Amino acid sequence: MLGRVRIFSLLGATALLVTTVAAAPAQAAVLAAPDISVTSVKGHLTQLQSIATANGGNRAHGRPGYLASVTYVKGLLDAAGFQTQQQSFTYNGATGYNLIADWPGGDTGDTLVVGAHLDSVTAGPGINDNGSGSAANLEVALAVARTGFQPARHLRFGWWGAEELGLRGSTAYVNSLTTAQKAAIGGYLNFDMVGSPNPGYFLYDGDNSDGTGSGPGPSGSAEIEDVLEAYFTSIGVATRGTDFDGRSDYGPFIAAGIPAGGIFTGAEGRKTAAQVTLWGGTATAFDPCYHAACDTVTNINDTALNRNSDAIANAVWTLAAGTTTPPPTGVYSDTFETATGWTVNAAGTDTATSGRFERGDPAATSSGVATQLGTTPSGTYALVTGAAAGASAGANDVDGGTTTVRSPAITLPTGTRTLSFSWYLAHLSNATSADYFRVQVVSGTTATTVFSQAAAASDRAAAWQTASVNLSAYAGQSVRLQIEAADTGTASLIEAAVDNVVIS
């Protein structure tokens, strides 16, 4: 992210074009976005770190590490079926590059652009700023290819060069477009710093509801903000606005009248006491390694990176599908911050002698690897197997059989319905493939497994993940959700947890 200098006077900027996201053609239903693997996103960050390490410690404009970064991203996109273009520009006597990747299909007269800057400062490898946004966008693009997503809108991804020197790459890109090509961009999504180690959850204030700074974005920006906000609401994470202050690559887009939005987890600014209460963390800098040599792969908050990667995918799937209206979130949701009627052993068939599911404030436990996390994706409580730590890591794990917890009855309206939830399964190498974590849908007297993760004879550390399941087959029915974990013997150390259950 660019240092704190004003690149555009946005209040005074003349909108060259007025485009609106809301004018897009609608589809009959919005397909649920896939879960984006934070492990895969971090794999890209590891590659960017290796590139920087091999090229003088940075990936800055005009340096070999930057071109190597472009080559890495381009190679993956070419192999996935994107149509890529390496656009060059010159700044400070050095050649810079933008990488443009178009997904074939969709209405090219109504294009959604998803962007992030790929360069670092010269002082360090730039893994949070902005490897995080670049890697998250890359994995979302690869998910588009893996799923064969064919949205109504044309979908384009961009990785910009020389952002750190004044938005040079994105400005060169926008300036290269004709008036008609600018008019064909119905929205721009910008992701710059989405894994800060002491994160906040900020959304660009498209409607100027905060009433500060530069005012609202171009018409359609509020709708982009609404889509992002709806996703975070669905997972129980509060968001706050951040101003379009000209610090990142949305600048040239909104100066051209193109609606924009995005996510930001904070840079050199300090988290306030109120923000610590809201999001956790400490009253220190959001990113203490901002523009420094220590902005390495260790300078990433995995939870923030995971949530934001999924939020990016949700925004891409929602907006590119041809609507600014996200899938409805009011069918059912539970963050377990209050008791809502989930019943342990509702069927009376549980056999576990300890570590039964309960709604609790989990205590962190470890036996070489983390087997139970002391934090939840949001708030304090979760459904967890034996919340108390006990005298040892295995004191309150699942022992001797199965443990289940069942939701109250949920009536699903007709239409496309998607279940999403946060979860983990942890075990040590004394586990077997017969041990498991499952999610079932109970309709009448029939319980059908819709998600399952088997254990294995290896260490698996607890790490919150998200999953999505299509429940459209149950539309119009009254169902219950059942969470199940099993230690089929007595030797295995098995822990599991669930949070942020949403049916949209």
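The following paragraphs examine the structure supplied in this document.

Cut-off values and rules
- Residues numbered from 1 in each chain as written.
- Predicted model: local features only at pLDDT ≥ 70, side-chain atom pairs only at ≥ 80, totals over all residues.
- Heavy atoms only, no water.
- Salt bridge = Lys/Arg side-chain N within 4 Å of Asp/Glu carboxyl O.
- Helix = DSSP H or I, 4+ residues; strand = E, 2+ residues; numbered from the N terminus.
- Buried < 20%, exposed > 50% of the residue type's maximum accessible area, 1.4 Å probe, protein only.
- Pairing = 2+ DSSP bridges.
- Phe/Tyr/Trp six-rings, centres within 6.5 Å; stacked < 30°, edge-to-face > 60°.
- Lys NZ or Arg CZ within 6 Å of the ring centre and 35° of its normal.
- Expected span 1.5 Å × (residues − 1).
- Core = buried A, V, L, I, M, F, W, Y, C linked by side-chain atoms within 4.5 Å.
- Contact = heavy atoms within 4.5 Å.
- Axes fitted to C-alpha atoms, helices over the stretch in contact; angles between N-to-C directions.
- Polar contact = N/O pair within 3.5 Å; in protein donor to acceptor, adjacent residues only side chain to side chain.
- Patch = residues over 30% accessible without salt bridge, like charges linked within 9 Å, V, L, I, M, F, W, Y side chains within 5 Å.
- Areas by Shrake-Rupley, 256 points an atom, 1.4 Å probe, with all protein chains shown as cover.
- Lys, Arg positive; Asp, Glu negative; His and termini not counted.
- Charge placed at Lys NZ, Arg CZ, Asp CG, Glu CD.
- Parallel < 35°, antiparallel > 145°, perpendicular 65-115°, else oblique.
- Left-handed = near helix turned anticlockwise from the far one by under 90°.

**Side note on the pattern of salt bridges**
As a working rule, side chains carrying opposite charge can pair if their charged atoms are close by. Using the criterion set out here, one finds six salt bridges in the structure. Among the ionic pairs, Lys74 bridges to Asp78, the shortest N-O distance being 2.9 Å. Of this pair, Lys74 and Asp78 both sit in helix H2 (residues 64–80), four residues apart, which is roughly one turn of that helix. Judged by relative accessible area, Lys74 falls into the partly exposed class, the value being 23%.

**Focus: the pairing of strand E21 (residues 478–487)**
Two faces belong to every sheet, and in a regular strand the side chains alternate between them. The buried fraction of E21 amounts to eight of the ten residues, a majority that puts the element mostly inside the structure. In the sheet, strand E15 (residues 401–406) pairs with E21 via six bridges, with the strands oriented antiparallel. Residue pairing across strands places Thr403 opposite Ala485, the latter belonging to E21. Pairing of strand E16 (residues 410–411) with E21, which is carried by two bridges, proceeds in the antiparallel orientation. Following the sheet pairing, Ile410 is matched in E21 by Val479.

**Re the packing of aromatic side chains**
The tally for this structure, following the rule as stated, stands at 23 aromatic pairs. Consider the rings of Trp160 and Tyr173, whose centres lie 5.0 Å apart with planes at 35°: the pair is tilted. Here Trp160, found in strand E4 (residues 153–160), pairs with Tyr173, found in helix H4 (residues 168–176); they are 13 residues apart in sequence, far enough to count as distant. Of the two residues examined, Trp160 and Tyr173, each falls in the buried class. A network of ring pairs unites the aromatic residues Tyr201, Phe202, Tyr231, Phe232, Phe264, Trp279 and Phe286 as a single cluster. Over the face of the ring belonging to Tyr381 we find Arg359, whose NZ or CZ atom lies 4.2 Å from the ring centre.

**Digging into helix H6 (residues 221–234)**
The terminal C-alpha atoms of H6 lie 20 Å apart, and with 14 residues this matches the ideal 20 Å at 1.5 Å per residue to within 8%. Of all the residues in H6, the buried ones are Ser221, Ile224, Glu225, Val227, Leu228, Ala230, Tyr231, Phe232 and Ser234. A positive phi of about 75° marks Gly236, the residue just after H6.

**Here we look at the nonpolar core**
Formed by 81 residues in total, the largest nonpolar core has its most connected members in Leu77 and Phe157. If we skip the residues at most four places from it in the chain, Phe157 touches Phe82, Leu99, Ile100, Ala101, Val114, Asn137, Val140, Ala141 and Val144. Core analysis: the second largest hydrophobic core is formed by 33 residues, Tyr332, Ala431, Val479 and Ala485 among them.

**Some thoughts on helix H3 (residues 127–147)**
Burial analysis of H3 places 19 of its 21 residues in the buried class, which makes it a mostly covered element. One or two steps after H3, the chain reaches Gly148, where phi turns positive at roughly 65°.

**Observations regarding the sheet that holds strand E6 (residues 202–204)**
With respect to topology, eight strands assemble into an open sheet ordered E1-E2-E4-E3-E5-E8-E6-E7, the strand pairing being mixed. Each edge of the sheet is formed by a strand with only one pairing partner; in this case those strands are strand E1 (83–91) and strand E7 (240–242). In this sheet, adjacent strand axes meet at a mean angle of 25° when their direction is disregarded. Of the strand pairs in this sheet, E6 and E7 are connected by three bridges, and their pairing is parallel. Each residue of the ladder has a partner; that of Leu203, found in E7, is Gly241. Where H2 meets the sheet, its contacts fall on E1, strand E2 (94–103) and E4, and the angle it forms with E2 comes to roughly 15°.

**Notes on the side chain of Arg153**
Along the chain, Arg153 falls in strand E4. The exposure class assigned to Arg153 is buried, which follows from its relative accessible area of 2%. A distance of 2.5 Å separates the side chain of Arg153 from the backbone oxygen of Leu319, its partner in a polar contact.

**Some remarks on a negative patch on the surface**
A contiguous patch of negative charge, built from Asp207, Asp210, Asp226 and Glu229, is present on the exposed surface. The partly exposed category is assigned to Asp226, whose relative accessible area is 39%.

**A word on the packing of helix H1 (residues 38–54) against H2**
One way to put it is that H1 packs onto H2 with a least axis distance of 9 Å and a crossing angle of 150°. The angle between H1 and H2 falls in the class roughly antiparallel. The crossing of H1 and H2 is right-handed. Listed contacts from H2 to His44, Gln47, Leu48 and Ile51 of H1 are Gly65, Ala68, Ser69, Tyr72 and Leu76.

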